Amino acid sequence: MAELDTLDLVVLAAILFGTVAYFTKGKLWGVTKDPYASSLANASGAKAGKTRNFVEKMEEQGKNCIIFYGSQTGTAEDYASRLAKEGKSRFGLETMVADLEEYDFDNLDTIPEDKVVFFVLATYGEGEPTDNAVDFYEFITNEDVNFTEGNEPALGNLNYVTFGLGNNTYEHYNSMVRNVDKALQKLGAHRIGDAGEGDDGAGTMEEDFLAWKEPMWKALAERMGLEEREAVYEPVFSIVEREGLTKESPEVYLGEPNKMHLDGTAKGPFNAHNPYIAPIAQSYELFSVKDRNCLHMDIDISASNLNYQTGDHIAVWPTNPGEEVDRFMNVLGLSEKRHTVVSVKALEPTAKVPFPTPTTYDAIVRYHMEICAPVSRQFLAQLAAFAPDAEARAEMTKLGAEKDYFYEKISLHHLNIARVLDIVGKGQKWTNIPFSAFIEGITKLQPRYYSISSSSLEQPKKISITAVVESTQLPGRDDPFRGVATNYLLALKQKQNGEPEPCPFGLSYELTGPRNKYDGIHVPVHVRHSNFKLPSDPSKPIICIGPGTGVAPMRGFIRERVQQAKNGEKVGKTLLFFGCRKSTEDFMYKNEWEEAKEILGDNFELITAFSREGPKKVYVQHRLKERAEEINQLLEQKAYFYVCGDAANMAREVNTVLSQIISEQRGIPEAKAEEIVKNMRSSNQYQEDVWS
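As the structure is a computational prediction, the values presented were derived from the model and not from experiment.

Draft legend 1. Spotlight on the UniProt feature "domain: FAD-binding FR-type" (unreviewed entry) in the protein. UniProt records the feature "domain: FAD-binding FR-type" (unreviewed entry) at residues 273-535, using the numbering of this structure. Taken end to end, residues 273-535 is 27% helix and 19% strand, and its first and last C-alpha atoms sit 31 Å apart.

Draft legend 2. View of the packing of aromatic side chains. All chains considered together, the criterion is met by 31 aromatic pairs. In this structure an aromatic cluster arises from ring pairing among F54, F68, Y103, F105, F119 and F136. A cation over a ring is seen here: R555 above Y589, with NZ or CZ 4.7 Å from the ring centre.

Draft legend 3. Spotlight on the pattern of salt bridges. Considering all chains together, one arrives at 43 salt bridges under this definition. Here K533 makes a salt bridge to D312, at a shortest N to O gap of 2.6 Å. Residue K533 is located in the loop between β18 (522-528) and β19 (542-545), and its partner D312 is located in the loop between β10 (294-300) and β11 (313-316); the two are separated by 221 residues in the primary sequence. D312 gets classed as buried once you look at its relative accessible area, which sits at 1%. Among the charged side chains, a salt-bridge network with shared partners connects E86, R90, K213, E214 and E228.

Draft legend 4. Representation of the sheet that holds strand β12 (residues 341-346) within the structure. Here three strands make up an open sheet; going across it, the order is β8-β12-β13 and the pairing antiparallel. With partners counted over all chains shown, the strands left at the sheet margins are β8 (237-241) and β13 (359-360), one partner each. When β12 meets β13, the two strands line up antiparallel, connected through two bridges. When the bridges of β13 are listed, V342 appears paired with T359.

Draft legend 5. Quick peek at the state of the cysteines. In this structure the tally under the stated criterion is zero disulfides. Counting only cysteine sulfurs, C372 is the nearest neighbor of C503, a cysteine outside any disulfide, at a range of 14 Å. The partly exposed category is assigned to C503, whose relative accessible area is 36%.

Draft legend 6. Spatial organisation of the sheet that holds strand β9 (residues 276-285). Strand order in the open sheet formed by six strands is β14-β11-β18-β9-β10-β15, with antiparallel pairing between adjacent strands. Looking at strand neighbours, the two that pair on one side only are β14 (448-451) and β15 (462-468), the edges of this open sheet. The mean inter-strand angle of the sheet, taken between neighbouring strand axes irrespective of direction, is 40°. Examined bridge by bridge, β11 and β14 share four bridges and lie antiparallel to one another. Paired with A315 across the two strands is Y449, which belongs to β14.

The rules we used
Residues numbered from 1 in each chain as written. Predicted model: local features only at pLDDT ≥ 70, side-chain atom pairs only at ≥ 80, totals over all residues. Heavy atoms only, no water. UniProt positions renumbered as here; feature names shortened; annotations may be inferred. Helix = DSSP H or I, 4+ residues; strand = E, 2+ residues; numbered from the N terminus. Phe/Tyr/Trp six-rings, centres within 6.5 Å; stacked < 30°, edge-to-face > 60°. Lys NZ or Arg CZ within 6 Å of the ring centre and 35° of its normal. Salt bridge = Lys/Arg side-chain N within 4 Å of Asp/Glu carboxyl O. Buried < 20%, exposed > 50% of the residue type's maximum accessible area, 1.4 Å probe, protein only. Pairing = 2+ DSSP bridges. Disulfide = S-S within 2.5 Å. Axes fitted to C-alpha atoms, helices over the stretch in contact; angles between N-to-C directions.

Structure follows, in structure tokens:
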């Protein structure tokens, strides 16, 4: 018999190994999978091989109602979850919530008529779809949209419901839901109830939603033959305490967003599912008054694969202040169990646990829940059944049922859930509420977006943030309402500048992050690309309106033009209208504007409006009107017009003033001038980066 050479032995060993693997299914060497581990442990939360056919998914899971959401800040997703829960508990619908970007829609014409599809759609920016709704929106509004069956009408089988989330301070108010509804109607689909619209600009989003859904449910019940029943709380998630694990156990998530971060191997792509833990290169105060703060921060992205373009946005992932975490834990009677390890598991196959597990109560509340957000009326009504006594139950029921009473007692003071429970329960612990109710009823803690105030041409690996620290005194409230993210950034700035125990306004934060992974002044971030952009031709004139922190992207634009001039490019006329209270208090980047003037010469001019220095208040829109002739001349030279800041007042008034300037300077009716401004917007000659 011939001797076996080395290659033969290798081949035989491989065959033996494969045979053993086949018959044992790898159990001899496999790592035991944690049966409670969350599917969100990976960076994207997506499962390999997951179907993109939602009709097939509904059939597999026995669902007759699917609720799609297009969400940028989490509100639309929250509303979708609430509708799903209510549809199941009140009407026995078999519901599932779905992210628009996870499914294809060319088979929308195959959904049976005894099923219903909801679309809960936020409008982002200037009438744009949210990031997760872009593909769906482009597909459904395409003039040549094609479906699998070729029916006539194409979607005669589809029963659908729509609700939109918008802001009336934007020109394209609720355009997503309006355009999608119009497209579905055109394709022959049948809408049930009215196309609902919520208005964040008027501050009525929640009440608009509540007012819309009652007649919608009635219409849906009639259409589908549903019987309403008494709603009883059924948990979507199970909470299992893990006795064999402690917060020191390496597999326990203490606030890490995914498995890579837990293992210390985080790598890109960095995005809304996977932040980059970025060093803060420097941070300093821009205001010179004691009672207000405005921060400048430079975020170093050089060790990542992140990139940005001038005009983009940076997302900051905040953590909740320790004082509010303590308040929440205390009112629920969880203070002693805050570091207890728990696993959270979905009790029905289409639900998603919104954070990775196993984890601790403290980590869930600190890193994953919007516990500081104003509470919803509907949520209070749901919690009434778990009140510690009859008096508290009656008060919660009244708050949930009476719109005006709720506004007077809760909304007016921006009370969060823990504060409400503490007040209503008069200090009693609310130990009867299942923790799953909070996972379902409180929105996931969302990244906060800031206009980038640096130039990618000048500093491609460093992103600047310009942010005023939010602190609002409200009637009937002992302490101001404070922004979660900006006060977190203020604490980081204090630490970087030598304060040993940063505690802005008495608020403390876990600045070193889970397992000290943010130590050395780091902050979790990702970049979101924006359409707010300079003209490709730097010789084109630009007019920038940026009062207050609205100056952030304008600083980026002007630094870009300064760099272009240094590089020998011809730079066009650049006007910046900047406004603040006083030149001695909040005149941001004063020295930088002087430096820009030295480089750009007559091609740069700063026009200021100090609202509290004269006998009457003067704002940027007043200064704009004073320069009417020059503004019109620049527009006739195809100048680009940029506005950043408050949408409700400043941006709206600037739009009006611009129409007046064009009307008066060109001797045309104001209606014609308004049409010109509208055309400027549609051609991107007029761009806005505004907030409510």
